[in-house]
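# Descriptive structure summary
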Amino acid sequence: MIEVNKVSKRYGSTRALEDISLSIAEGTCFGLVGPNGAGKSTLMKILAGILLEFDGDILVNERSVSNDRMSIKKQLGYVPQEICLEDTLTARDNLIFFGKLYGLSGRHLEKRIEQVLDQIGLLERSKDKVSTFSGGMKRRLNIGCALLHEPGVIIMDEPTVGIDPQSRNSIFTIIKQLKAAGSTIIYSSHYMEEVELLCDHIGLIDKGQLMEFGEMNDLLARYAKPSLFISGDEIQEEMLSPFGNLEKKGTGYVIDSQEPLITLEEVIVMLRENGKEPRRLELYHPRLEDIFFNLTGTQLRDA
Ligand SMILES: Nc1ncnc2c1ncn2[C@@H]1O[C@H](COP(=O)(O)OP(=O)(O)OP(=O)(O)O)[C@@H](O)[C@H]1O
(Lines give C-alpha, C1' and ligand atoms only; values in the text may rest on other atoms or scores of the structure.)
Protein backbone atom coordinates (compact mmCIF):
# COMPACT_ATOMS: atom_id res chain seq x y z
CA MET A 1 0.00 0.00 0.00
CA ILE A 2 1.24 3.45 -0.92
CA GLU A 3 -0.14 6.38 1.02
CA VAL A 4 0.33 9.95 -0.07
CA ASN A 5 -0.40 12.19 2.89
CA LYS A 6 -0.96 15.92 2.41
CA VAL A 7 1.84 16.34 -0.10
CA SER A 8 2.56 19.89 -1.31
CA LYS A 9 5.41 21.17 -3.45
CA ARG A 10 6.44 24.65 -4.53
CA TYR A 11 9.03 25.70 -7.06
CA GLY A 12 9.69 29.30 -5.99
CA SER A 13 6.33 30.99 -6.36
CA THR A 14 4.84 28.13 -8.46
CA ARG A 15 2.59 25.80 -6.50
CA ALA A 16 3.10 22.50 -8.31
CA LEU A 17 1.17 20.36 -5.80
CA GLU A 18 -1.28 21.38 -3.13
CA ASP A 19 -2.22 19.14 -0.25
CA ILE A 20 -2.46 15.87 -2.21
CA SER A 21 -3.71 12.82 -0.30
CA LEU A 22 -4.47 9.47 -1.89
CA SER A 23 -3.71 5.80 -1.49
CA ILE A 24 -2.75 3.10 -3.96
CA ALA A 25 -3.43 -0.53 -3.10
CA GLU A 26 -0.94 -3.28 -3.91
CA GLY A 27 -1.44 -4.94 -7.29
CA THR A 28 -3.53 -2.15 -8.78
CA CYS A 29 -2.77 -0.07 -11.84
CA PHE A 30 -3.20 3.54 -10.77
CA GLY A 31 -3.48 6.22 -13.44
CA LEU A 32 -2.58 9.80 -12.63
CA VAL A 33 -4.34 11.91 -15.24
CA GLY A 34 -4.16 15.62 -15.90
CA PRO A 35 -3.21 18.22 -18.47
CA ASN A 36 0.33 19.40 -19.12
CA GLY A 37 1.68 21.30 -16.15
CA ALA A 38 -0.88 19.78 -13.73
CA GLY A 39 1.81 18.43 -11.42
CA LYS A 40 1.97 14.79 -12.50
CA SER A 41 5.75 14.59 -12.97
CA THR A 42 6.32 16.36 -9.69
CA LEU A 43 4.22 13.80 -7.83
CA MET A 44 5.86 10.91 -9.70
CA LYS A 45 9.34 12.18 -8.79
CA ILE A 46 8.33 12.54 -5.14
CA LEU A 47 6.88 9.00 -5.18
CA ALA A 48 10.09 7.67 -6.75
CA GLY A 49 12.22 9.27 -4.04
CA ILE A 50 13.96 11.57 -6.54
CA LEU A 51 12.49 14.86 -5.42
CA LEU A 52 13.29 15.02 -1.74
CA GLU A 53 12.11 18.45 -0.67
CA PHE A 54 8.37 18.59 -0.22
CA ASP A 55 5.77 19.01 2.51
CA GLY A 56 3.75 16.04 3.75
CA ASP A 57 4.79 12.42 3.65
CA ILE A 58 4.61 9.29 1.53
CA LEU A 59 4.42 5.83 3.07
CA VAL A 60 5.27 2.68 1.14
CA ASN A 61 4.12 -0.36 3.11
CA GLU A 62 4.02 1.85 6.21
CA ARG A 63 7.57 3.11 5.73
CA SER A 64 8.19 6.78 5.06
CA VAL A 65 10.06 7.68 1.87
CA SER A 66 11.66 10.51 3.80
CA ASN A 67 13.14 8.24 6.49
CA ASP A 68 13.61 4.87 4.75
CA ARG A 69 14.53 6.10 1.29
CA MET A 70 17.18 3.53 0.40
CA SER A 71 15.22 0.43 1.40
CA ILE A 72 12.08 1.72 -0.32
CA LYS A 73 13.96 2.57 -3.53
CA LYS A 74 14.76 -1.12 -4.01
CA GLN A 75 11.03 -1.84 -4.20
CA LEU A 76 10.46 0.87 -6.80
CA GLY A 77 11.20 1.08 -10.51
CA TYR A 78 11.01 4.57 -11.98
CA VAL A 79 10.62 5.28 -15.69
CA PRO A 80 11.25 9.01 -16.16
CA GLN A 81 9.42 11.09 -18.74
CA GLU A 82 12.71 12.13 -20.34
CA ILE A 83 14.57 9.21 -21.91
CA CYS A 84 17.55 8.52 -19.71
CA LEU A 85 19.97 6.35 -21.74
CA GLU A 86 23.54 6.55 -22.99
CA ASP A 87 23.25 6.83 -26.79
CA THR A 88 26.83 5.72 -27.50
CA LEU A 89 26.38 2.41 -25.66
CA THR A 90 24.50 -0.70 -26.77
CA ALA A 91 21.13 -1.66 -25.29
CA ARG A 92 22.85 -4.41 -23.29
CA ASP A 93 25.51 -2.04 -21.90
CA ASN A 94 22.82 0.42 -20.84
CA LEU A 95 21.07 -2.40 -18.99
CA ILE A 96 24.36 -3.46 -17.35
CA PHE A 97 24.87 0.11 -16.16
CA PHE A 98 21.38 0.40 -14.66
CA GLY A 99 21.51 -3.12 -13.21
CA LYS A 100 24.71 -2.27 -11.36
CA LEU A 101 23.15 0.92 -10.05
CA TYR A 102 20.53 -1.31 -8.44
CA GLY A 103 23.20 -3.58 -6.96
CA LEU A 104 22.84 -6.48 -9.44
CA SER A 105 25.90 -8.31 -10.72
CA GLY A 106 27.28 -11.54 -12.19
CA ARG A 107 25.04 -14.28 -13.50
CA HIS A 108 21.95 -12.88 -11.87
CA LEU A 109 22.40 -9.59 -13.76
CA GLU A 110 23.06 -11.49 -17.02
CA LYS A 111 19.90 -13.53 -16.54
CA ARG A 112 17.79 -10.49 -15.74
CA ILE A 113 19.13 -8.66 -18.79
CA GLU A 114 18.09 -11.55 -21.06
CA GLN A 115 14.63 -11.68 -19.46
CA VAL A 116 14.12 -7.92 -19.68
CA LEU A 117 15.34 -7.74 -23.31
CA ASP A 118 12.79 -10.40 -24.15
CA GLN A 119 10.06 -8.59 -22.19
CA ILE A 120 10.67 -5.30 -24.04
CA GLY A 121 11.09 -7.01 -27.42
CA LEU A 122 14.72 -5.95 -27.98
CA LEU A 123 16.60 -9.25 -27.70
CA GLU A 124 17.68 -9.09 -31.33
CA ARG A 125 18.87 -5.50 -31.05
CA SER A 126 20.74 -5.93 -27.77
CA LYS A 127 24.17 -5.41 -29.33
CA ASP A 128 23.18 -2.31 -31.29
CA LYS A 129 23.97 1.17 -30.13
CA VAL A 130 21.03 3.12 -28.73
CA SER A 131 21.82 5.93 -31.20
CA THR A 132 20.46 3.64 -33.96
CA PHE A 133 17.13 3.08 -32.15
CA SER A 134 13.75 4.65 -32.95
CA GLY A 135 12.01 6.77 -30.32
CA GLY A 136 9.75 3.86 -29.44
CA MET A 137 12.67 1.44 -28.98
CA LYS A 138 14.39 3.94 -26.70
CA ARG A 139 11.20 4.25 -24.65
CA ARG A 140 11.01 0.45 -24.30
CA LEU A 141 14.63 0.28 -23.20
CA ASN A 142 13.98 3.11 -20.76
CA ILE A 143 11.24 0.93 -19.26
CA GLY A 144 13.50 -2.14 -19.27
CA CYS A 145 16.13 -0.31 -17.20
CA ALA A 146 13.54 0.20 -14.45
CA LEU A 147 12.49 -3.47 -14.42
CA LEU A 148 15.87 -5.18 -13.94
CA HIS A 149 15.74 -5.34 -10.15
CA GLU A 150 12.19 -6.78 -10.23
CA PRO A 151 10.51 -3.95 -8.36
CA GLY A 152 7.05 -4.55 -6.90
CA VAL A 153 6.01 -0.99 -7.77
CA ILE A 154 6.67 0.55 -11.19
CA ILE A 155 6.26 4.28 -11.65
CA MET A 156 5.91 5.36 -15.29
CA ASP A 157 5.79 9.03 -16.14
CA GLU A 158 4.09 9.54 -19.53
CA PRO A 159 5.91 6.60 -21.14
CA THR A 160 4.14 6.90 -24.50
CA VAL A 161 4.78 10.55 -25.33
CA GLY A 162 5.96 11.07 -28.90
CA ILE A 163 6.08 7.47 -30.13
CA ASP A 164 4.52 5.53 -33.00
CA PRO A 165 1.31 3.47 -32.47
CA GLN A 166 3.17 0.15 -32.78
CA SER A 167 5.61 0.99 -29.96
CA ARG A 168 2.71 2.34 -27.93
CA ASN A 169 0.91 -0.98 -28.27
CA SER A 170 4.00 -2.88 -27.29
CA ILE A 171 4.33 -0.70 -24.16
CA PHE A 172 0.69 -1.47 -23.34
CA THR A 173 1.50 -5.19 -23.64
CA ILE A 174 4.46 -4.81 -21.25
CA ILE A 175 2.21 -3.02 -18.75
CA LYS A 176 -0.53 -5.65 -19.03
CA GLN A 177 2.03 -8.41 -18.40
CA LEU A 178 3.39 -6.58 -15.35
CA LYS A 179 -0.17 -6.16 -14.10
CA ALA A 180 -0.92 -9.85 -14.60
CA ALA A 181 2.23 -10.71 -12.63
CA GLY A 182 0.85 -8.73 -9.67
CA SER A 183 3.00 -5.58 -9.88
CA THR A 184 1.63 -2.28 -8.66
CA ILE A 185 1.77 0.26 -11.48
CA ILE A 186 1.57 4.01 -11.20
CA TYR A 187 1.08 5.48 -14.65
CA SER A 188 0.81 9.14 -15.51
CA SER A 189 -0.57 10.44 -18.76
CA HIS A 190 -2.52 13.23 -20.34
CA TYR A 191 -3.97 10.71 -22.81
CA MET A 192 -7.26 9.74 -21.19
CA GLU A 193 -7.92 6.82 -23.52
CA GLU A 194 -4.66 5.15 -22.42
CA VAL A 195 -5.51 5.46 -18.76
CA GLU A 196 -9.00 4.18 -19.45
CA LEU A 197 -7.56 1.13 -21.20
CA LEU A 198 -4.89 0.26 -18.65
CA CYS A 199 -5.85 1.50 -15.20
CA ASP A 200 -8.41 0.33 -12.70
CA HIS A 201 -7.90 3.20 -10.25
CA ILE A 202 -7.35 6.84 -11.10
CA GLY A 203 -6.44 10.21 -9.68
CA LEU A 204 -7.46 13.32 -11.61
CA ILE A 205 -5.13 16.23 -11.09
CA ASP A 206 -5.47 19.80 -12.34
CA LYS A 207 -3.39 22.86 -11.42
CA GLY A 208 -1.65 20.97 -8.62
CA GLN A 209 -4.89 19.85 -6.99
CA LEU A 210 -6.33 16.38 -6.80
CA MET A 211 -9.84 16.76 -8.16
CA GLU A 212 -10.90 13.17 -7.50
CA PHE A 213 -9.50 9.72 -6.98
CA GLY A 214 -10.90 6.21 -6.70
CA GLU A 215 -11.92 3.19 -8.68
CA MET A 216 -12.48 4.00 -12.36
CA ASN A 217 -15.89 2.31 -12.58
CA ASP A 218 -17.14 4.03 -9.40
CA LEU A 219 -16.10 7.43 -10.71
CA LEU A 220 -17.64 6.78 -14.11
CA ALA A 221 -20.92 5.79 -12.44
CA ARG A 222 -20.80 8.83 -10.15
CA TYR A 223 -19.92 11.52 -12.67
CA ALA A 224 -20.98 10.40 -16.09
CA LYS A 225 -24.42 9.29 -17.17
CA PRO A 226 -25.13 6.72 -19.83
CA SER A 227 -27.01 8.20 -22.75
CA LEU A 228 -28.08 7.85 -26.37
CA PHE A 229 -26.89 9.87 -29.32
CA ILE A 230 -29.16 10.45 -32.27
CA SER A 231 -28.78 12.57 -35.36
CA GLY A 232 -30.32 12.96 -38.81
CA ASP A 233 -32.07 15.49 -41.04
CA GLU A 234 -35.49 14.15 -40.04
CA ILE A 235 -34.81 14.20 -36.30
CA GLN A 236 -36.34 17.09 -34.37
CA GLU A 237 -36.05 18.09 -30.75
CA GLU A 238 -39.79 17.76 -29.99
CA MET A 239 -39.76 14.11 -31.09
CA LEU A 240 -37.12 13.26 -28.52
CA SER A 241 -38.04 15.36 -25.50
CA PRO A 242 -40.47 12.73 -24.04
CA PHE A 243 -37.57 10.29 -23.64
CA GLY A 244 -35.44 12.22 -21.16
CA ASN A 245 -33.18 15.24 -20.71
CA LEU A 246 -31.97 16.43 -24.09
CA GLU A 247 -28.78 18.18 -25.03
CA LYS A 248 -27.81 19.38 -28.50
CA LYS A 249 -24.40 17.97 -29.38
CA GLY A 250 -22.80 18.65 -32.75
CA THR A 251 -25.19 17.55 -35.47
CA GLY A 252 -27.51 15.64 -33.16
CA TYR A 253 -28.91 15.21 -29.65
CA VAL A 254 -27.83 13.40 -26.52
CA ILE A 255 -30.64 11.86 -24.44
CA ASP A 256 -29.77 11.11 -20.79
CA SER A 257 -31.05 7.75 -19.71
CA GLN A 258 -30.53 5.49 -16.72
CA GLU A 259 -31.61 2.57 -18.88
CA PRO A 260 -30.24 3.40 -22.30
CA LEU A 261 -31.15 0.04 -23.88
CA ILE A 262 -34.83 0.47 -22.99
CA THR A 263 -34.79 4.09 -24.17
CA LEU A 264 -33.12 2.97 -27.39
CA GLU A 265 -35.94 0.47 -27.96
CA GLU A 266 -38.59 3.14 -27.29
CA VAL A 267 -36.91 5.62 -29.62
CA ILE A 268 -36.76 3.00 -32.39
CA VAL A 269 -40.49 2.27 -31.99
CA MET A 270 -41.30 6.01 -32.15
CA LEU A 271 -39.14 6.44 -35.28
CA ARG A 272 -40.78 3.48 -37.00
CA GLU A 273 -44.26 4.73 -36.18
CA ASN A 274 -43.40 8.14 -37.62
CA GLY A 275 -41.55 6.73 -40.63
CA LYS A 276 -38.33 8.57 -39.71
CA GLU A 277 -34.83 7.26 -40.19
CA PRO A 278 -31.86 8.62 -38.21
CA ARG A 279 -28.38 8.92 -39.69
CA ARG A 280 -26.84 7.86 -36.37
CA LEU A 281 -28.43 6.23 -33.35
CA GLU A 282 -26.10 4.81 -30.75
CA LEU A 283 -25.50 4.09 -27.08
CA TYR A 284 -23.04 6.47 -25.51
CA HIS A 285 -20.87 4.99 -22.78
CA PRO A 286 -19.40 7.43 -20.27
CA ARG A 287 -15.71 8.13 -20.67
CA LEU A 288 -12.98 9.36 -18.38
CA GLU A 289 -13.11 12.61 -20.36
CA ASP A 290 -16.68 13.10 -19.06
CA ILE A 291 -15.51 12.85 -15.44
CA PHE A 292 -12.80 15.42 -16.05
CA PHE A 293 -15.30 17.71 -17.78
CA ASN A 294 -17.78 17.38 -14.93
CA LEU A 295 -15.14 18.20 -12.34
CA THR A 296 -13.34 21.05 -14.07
CA GLY A 297 -15.87 22.35 -16.59
CA THR A 298 -13.20 22.04 -19.29
CA GLN A 299 -12.01 19.43 -21.70
CA LEU A 300 -8.56 18.12 -20.92
CA ARG A 301 -6.34 20.91 -22.16
CA ASP A 302 -4.26 18.71 -24.37
CA ALA A 303 -1.07 20.19 -25.74
N1 LIG B 1 12.16 22.34 -11.79
C2 LIG B 1 11.15 23.19 -11.86
N3 LIG B 1 11.31 24.48 -11.57
C4 LIG B 1 10.29 25.35 -11.63
N5 LIG B 1 9.03 25.02 -11.94
C6 LIG B 1 8.78 23.74 -12.24
C7 LIG B 1 9.83 22.75 -12.21
N8 LIG B 1 9.29 21.55 -12.53
C9 LIG B 1 7.98 21.78 -12.76
N10 LIG B 1 7.67 23.09 -12.57
C11 LIG B 1 6.33 23.69 -12.68
O12 LIG B 1 5.46 22.99 -11.80
C13 LIG B 1 4.18 22.78 -12.41
C14 LIG B 1 3.89 21.28 -12.49
O15 LIG B 1 4.84 20.70 -13.41
P16 LIG B 1 4.90 19.13 -13.71
O17 LIG B 1 6.04 18.90 -14.63
O18 LIG B 1 4.87 18.39 -12.43
O19 LIG B 1 3.51 18.91 -14.47
P20 LIG B 1 3.05 17.71 -15.41
O21 LIG B 1 1.62 17.48 -15.10
O22 LIG B 1 3.98 16.58 -15.28
O23 LIG B 1 3.17 18.33 -16.85
P24 LIG B 1 3.79 17.69 -18.19
O25 LIG B 1 2.79 16.72 -18.67
O26 LIG B 1 3.91 18.89 -19.09
O27 LIG B 1 5.11 17.11 -17.81
C28 LIG B 1 4.24 23.47 -13.78
O29 LIG B 1 3.72 24.78 -13.60
C30 LIG B 1 5.72 23.52 -14.07
O31 LIG B 1 6.03 24.63 -14.90
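Residues numbered from 1 in each chain as written. Predicted model: local features only at pLDDT ≥ 70, side-chain atom pairs only at ≥ 80, totals over all residues.

For the protein chain, the name recorded in an unreviewed UniProt entry is ABC transporter ATP-binding protein, with Halobacillus litoralis as its organism.

## Topic: the site of the ligand
Test applied: As a rule, any residue with its backbone-derived C-beta atom within 6 Å of a molecule or strand is reported as near that molecule or strand. Helical segments are the DSSP runs of H or I of at least four residues, strand segments are the runs of E of at least two, and each set is numbered from the N terminus. In this classification, the charged set is Asp, Glu, Lys and Arg, the nonpolar set is Ala, Val, Leu, Ile, Met, Phe, Trp, Tyr, Cys and Pro, and all remaining amino acids, among them Gly, are polar.
Not every one of the 14 residues close to the ligand is listed here, only the nearest: Y11, N36, K40, S41 and T42. Mapped onto the shell around the ligand, the elements with two or more residues apiece are β2 (14-24) and α1 (40-47). Tallying contributions element by element places α1 first for the shell around the ligand, with three residues. Tallied by class, the residues present in the shell around the ligand amount to three nonpolar, nine polar and two charged.

## Section: the sheet that holds β2
We count it as follows: A pair of strands is labelled paired if DSSP reports no fewer than 2 bridges between them. C-beta atoms are placed from the backbone for every residue, and two residues are taken to be in contact when these atoms lie within 7 Å. Axis angles are defined between N-to-C directions and span 0 to 180 degrees, where every axis is a line fitted to C-alpha atoms and, for a helix, only to the segment in contact.
The strand order across the open sheet built from four strands is β2-β1-β4-β5, with neighbouring strands paired in antiparallel fashion. Edge strands, defined here as strands with exactly one partner in the open sheet, are β2 and β5 (63-64). Alignment of strand β4 (residues 55-60) against β5, held across two bridges, turns out to be antiparallel. When the bridges of β5 are listed, V60 appears paired with R63. Running over the sheet, α1 touches β1 (2-11), β2 and β4 and is turned about 55° from β2.

## Quick notes on the UniProt feature "domain: ABC transporter" (unreviewed entry) in the protein chain
Where we set the bar: UniProt positions are given in the numbering used here, feature names are shortened, and annotations may be inferred rather than shown by experiment.
When the UniProt feature table is mapped onto this chain numbering, "domain: ABC transporter" (unreviewed entry) sits at residues 2-232. A distance of 50 Å separates the end C-alpha atoms of residues 2-232, which is 35% helix and 29% strand.

## Re helix α6 (residues 165-180)
Selection criterion: For a helix, the expected span equals 1.5 Å multiplied by the number of residues minus one. Using C-beta atoms placed from the backbone, we call a residue buried if 20 or more other C-beta atoms fall within 10 Å of its own, exposed if 12 or fewer do, and partly exposed for counts in between. By definition, the arc is the one covered by directions from the helix axis to the C-beta atoms.
Over its 16 residues, α6 runs 22 Å from end to end, which matches the ideal 22 Å to within 8%, given 1.5 Å per residue. Buried within α6 we find S167, S170, I171, I174, I175 and L178. For α6, the buried positions fall inside an angular range of 145° around the axis, keeping them on one side. Residues of α6 that are exposed and point more than 90 degrees away from the buried face comprise P165, Q166, N169, Q177 and A180.

## With respect to the sheet that holds strand β14 (residues 280-284)
Spatially, β12-β13-β11-β14 is the arrangement adopted by the four strands of the open sheet, whose pairing is antiparallel. Each of the sheet's edge strands pairs with one partner strand only, and the pair in question is β12 (246-249) and β14. Strand-to-strand twist across the sheet, computed as the mean angle between neighbouring axes with direction ignored, equals 20°. Against the sheet, helix α10 (residues 260-274) touches β11 (227-231), β13 (252-256) and β14, its axis set at about 30° to β11.

## What about the packing of helix α5 (residues 135-147) against α6?
Let me state the cut-off plainly: Angles below 35 degrees are treated as roughly parallel, those above 145 as roughly antiparallel, those between 65 and 115 as roughly perpendicular, and all remaining angles as oblique. In this scheme the handedness of a crossing depends on how the near helix is turned from the far one: anticlockwise by less than a right angle means left-handed, clockwise means right-handed.
Two elements in contact, α5 and α6, have axes separated by 9 Å at closest approach and are oriented at 15°. On the basis of the axis angle, α5 is roughly parallel to α6. For the crossing formed where α5 meets α6, the hand is right-handed. Between α5 and α6, the residues in contact are G136, R139, R140 and I143 and Q166, S167, S170, I171 and I174, respectively.

## A closer look at the pairing of β11
Here β11 runs beside β13; their pairing, made up of five bridges, is antiparallel. When the bridges of β13 are listed, I230 appears paired with Y253.

## Quick notes on the packing of helix α8 (residues 216-223) against helix α11 (residues 288-296)
What describes two packed helices is the angle between their axes and the distance between those same axes. For the pair α8 and α11, the least separation of the axes is 9 Å and the interaxial angle reads 55°. With respect to α11, the axis of α8 lies oblique. Crossing handedness for the pair α8 and α11: left-handed. In this structure, α8 contributes L219, L220 and Y223 to the contact, and α11 contributes D290, I291 and N294. Taken together, the residues of the contact of α8 with α11 break down into four nonpolar, one polar and one charged.

## Examining the nonpolar core
Proteins that are soluble and globular tend to have nonpolar side chains buried together. Worth spelling out the cut-off: Buried Ala, Val, Leu, Ile, Met, Phe, Trp, Tyr and Cys residues whose C-beta atoms connect them within 7 Å together make up a nonpolar core.
If you look at the biggest cluster of nonpolar residues, it comprises 66 residues, and the most contacted ones within it are I155, I185 and I186. In terms of residues, this core owes the most to one element, α5, which gives six residues. Apart from residues no more than four positions distant in its own chain, I155 is found in contact with M44, L47, A48, L76, G77, Y78, V79 and I186. Listed in part, the eight residues of the second largest apolar core include L228, I230, L240 and I255.

## Digging into the environment of I143
Along the chain, the position of I143 falls in helix α5. Taking the number of C-beta atoms within 10 Å as the measure of exposure, I143 has 22 and is therefore buried. Put simply, I143 and G77 are 66 residues apart on the chain and 8.7 Å apart in space, counted from C-alpha to C-alpha. The residues contacting I143, other than those within four sequence positions of it, are V79, I120, P159, I171 and I174.

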